Amino acid sequence: MTHGDKIKLSILPTGTMHGDLTWLLIDPNRMASRSQPIRTRDWVEIPTHVVYIEHPAGQKLMWDAGVPRDWATRWAPTGFDEVFPVDATTDEMWLDSRLRQLGLEPGEINYLLLSHLHLDHAGNARLWQGAGTKIILDEAEKAGALSFDGHSMGGYLRSDYDNLALDTVNEDTEILPGITLLQVPGHTWGTLALQVDLADSGTMIFASDSLYLKESYGPPAIAAGIVYDSIAWFRSVEKIRAIQEKTNATIVFGHSADQLHQLRLGPHEYYT
Ligand SMILES: [Zn+2]
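A.B. asks: What is the right way to look at the sheet that holds strand 9 (residues 173-176) in this model?
C.D. replies: Strands belonging to one sheet form pairs held by backbone hydrogen bonds; the direction of such a pair is parallel or antiparallel. With mixed pairing, the 5 strands of this open sheet are ordered in space as 9-10-11-12-13. Pairing within the sheet leaves two strands with one partner each, and these edge strands are strand 9 and strand 13 (250-253). Averaged over all pairs of adjacent strands, the angle between their axes in this sheet comes to 25 degrees, without regard to strand direction. Two strands pair when backbone bridges link them, and strand 11 (residues 192-198) and strand 12 (residues 202-208) are joined in this way by 5 bridges, in the antiparallel orientation. Its bridge partner lying in strand 12, Leu-194 is registered against Phe-206. Against the sheet, helix 6 (residues 230-247) contacts strand 10 (179-183), strand 11, strand 12 and strand 13, and its axis sits at roughly 165 degrees relative to strand 12.

A.B. asks: What's the story with the coordination of the zinc ion in this structure? I'm lost.
C.D. replies: Coordination of the zinc ion by the protein is provided by His-116 (NE2), His-118 (ND1), His-187 (NE2) and Asp-209 (OD), with metal-donor distances spanning 2.1 to 2.2 Å. Motif for the zinc ion, donor spacing along one chain: H-x1-H-x68-H-x21-D. With His-118 in the loop between strand 4 (111-113) and strand 5 (134-138) and Asp-209 in the loop between strand 12 and helix 5 (214-217), this pair connects stretches of sequence that are 91 residues apart. A single burial state applies to His-118 and to Asp-209, both of which are buried.

A.B. asks: What am I meant to see in the layout of surface pockets here?
C.D. replies: A water-sized probe rolled over the atoms picks out the places where empty space is left. Roughly 320 Å³ of internal volume is contained in the largest pocket. Along the walls of the largest pocket sit 22 residues, with His-118, Gly-155, His-187, Tyr-212 and Ile-226 positioned nearest its centre. Of the residues belonging to the lining of the largest pocket, the class tally is 14 nonpolar, 6 polar and 2 charged. What the second largest pocket holds in volume is close to 180 Å³.

A.B. asks: Teacher, can you tell me more about the sheet that holds strand 3 (residues 60-63) here?
C.D. replies: With mixed pairing, the 6 strands of this open sheet are ordered in space as 1-2-3-4-5-8. The sheet is open, and its two borders are formed by strand 1 (8-20) and strand 8 (166-169), each paired with just one other strand. Direction aside, the axes of adjacent strands within the sheet are offset by 25 degrees on average. Sheet strands touched by helix 3 (residues 95-102): strand 1, strand 2 (43-54) and strand 3. Its angle to strand 1, the strand with the most contacts, is close to 160 degrees.

A.B. asks: When you look at the pattern of salt bridges in this model, what are you seeing that I'm missing?
C.D. replies: Close approach of charged atoms lets side chains of opposite charge pair. One pass over the structure, following the stated rule, counts 9 salt bridges. As a salt-bridge pair, Arg-74 and Asp-160 come within 2.8 Å of each other at their nearest N and O atoms. Separated by 86 residues along the polypeptide, Arg-74 in helix 1 (residues 71-74) and Asp-160 in the loop between strand 7 (156-157) and strand 8 bring together distant segments of the chain. Both residues of the pair, Arg-74 and Asp-160, count as buried.

A.B. asks: How should the packing of aromatic side chains be read in this particular structure?
C.D. replies: Within a pair of aromatic rings, the relevant descriptors are the distance that separates the centres and the angle that separates the planes. Tallying each qualifying case throughout the model produces 6 aromatic pairs. Where Tyr-156 meets Trp-189, the ring centres are 5.2 Å apart and the plane angle is 45 degrees; that geometry is what we call tilted. With Tyr-156 in strand 7 and Trp-189 in the loop between strand 10 and strand 11, this residue pair connects regions lying 33 residues apart in the sequence. Taking the relative accessible area as the measure of exposure, Tyr-156 reaches 4% and is therefore buried. For Trp-189, a relative accessible area of 21% translates into the label partly exposed. Ring pairing ties together the aromatic residues Trp-23, Phe-80 and Phe-84, which thus form one cluster. Positioned above the aromatic ring of Phe-148, the side-chain terminus of Arg-158 is 5.1 Å from the ring centre. Its guanidinium or amino end placed over the ring of Tyr-217, Arg-241 lies 4.4 Å from that ring's centre, counting from NZ or CZ.

Reading the values: the criteria
Residues numbered from 1 in each chain as written. Predicted model: local features only at pLDDT ≥ 70, side-chain atom pairs only at ≥ 80, totals over all residues. Heavy atoms only, no water. Pairing = 2+ DSSP bridges. Helix = DSSP H or I, 4+ residues; strand = E, 2+ residues; numbered from the N terminus. Axes fitted to C-alpha atoms, helices over the stretch in contact; angles between N-to-C directions. Contact = heavy atoms within 4.5 Å. Donors = N, O, S within 2.8 Å, 3.2 Å for Na, K, Ca; no water. Buried < 20%, exposed > 50% of the residue type's maximum accessible area, 1.4 Å probe, protein only. 1 Å grid on protein atoms, 1.4 Å probe; cavity = no way out; pocket = protein on both sides within 12 Å on 5 of 7 lines; lining within 4 Å. Points joined across faces, edges and corners; volume = space filled by probe spheres on them. Nonpolar A, V, L, I, M, F, W, Y, C, P; charged D, E, K, R; others polar. Salt bridge = Lys/Arg side-chain N within 4 Å of Asp/Glu carboxyl O. Phe/Tyr/Trp six-rings, centres within 6.5 Å; stacked < 30°, edge-to-face > 60°. Lys NZ or Arg CZ within 6 Å of the ring centre and 35° of its normal.

And the structure:
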């Protein structure tokens with residue numbers, strides 16, 4: 001990609017996990033009931049992605065930091081290696097491979113924007129340790145993720161982020177013209193979504209884990225197995241819906257295999 005007069009955006013699949021669908025979607029039709037007490041579990045693909053953006057003003061941005069190559073050992077103490085194994089991943093998908101494909105060193109990225117600090121989104125944030133890149137996340141997310149004792153809590157692995165200089169936002173914030181962080185808490189203390197207003201493709205909203213799947217969005221919205229604050233989660237979904245309706249945005253869901261296969265995928269293809 002070369003600098004032009006338009007924002008250019010590349011969606012890069014990173015590692016793909018497997019996991020039980022119930023983590024993503026609390027769907028009564030798939031659950032045990034009195035008449036069907038034994039239900040087959042749904043072991044599904046759970047892809048991850050990052051977004052690489054070049055701004056016409058010259059800045060480069062990355063949205064999220066994917067899953068780590070060493071997930072099997074790094075996640076073993078948490079048990080997530082069993083629950084969400086990253087076992088459907090090819091070598092070119094890991095984030096360090098993606099950076100090489102883009103011809104970039106981590107420090108050449110001006111902004112690393114993190115939707116939240118769960119281990120499947122901040123797994124490679126340490127690539128940016130000391131790189132001079134401005135790392136930005138929600139203020140409440142940072143406070144929450146540093147609030148517990150010990151090396152992990154839920155989907156948080158403290159070593160993923162505790163040595164990083166983390167800048168924060170505490171309201172919806174336009175980082176650069178056309179690139180806005182939206183506060184959508186609920187999945188975690190301070191989950192963010194990313195709104196990008198593109199010249200040719202219109203507005204895209206990268207929902208990250210505020211919306212895992214199209215089925216989560218509804219209407220009606222259907223919550224997931226991992227929600228820190230379900231009231232805030234529903235409010236955040238309706239906030240996204242209001243923006244979507246106003247801008248006719250394309251919503252890119254956080255972990256949708258069906259949708260990811262239908263999108264233009266980087267590094268060779270991009271949206272403007
Ligand atoms: Zn998450």
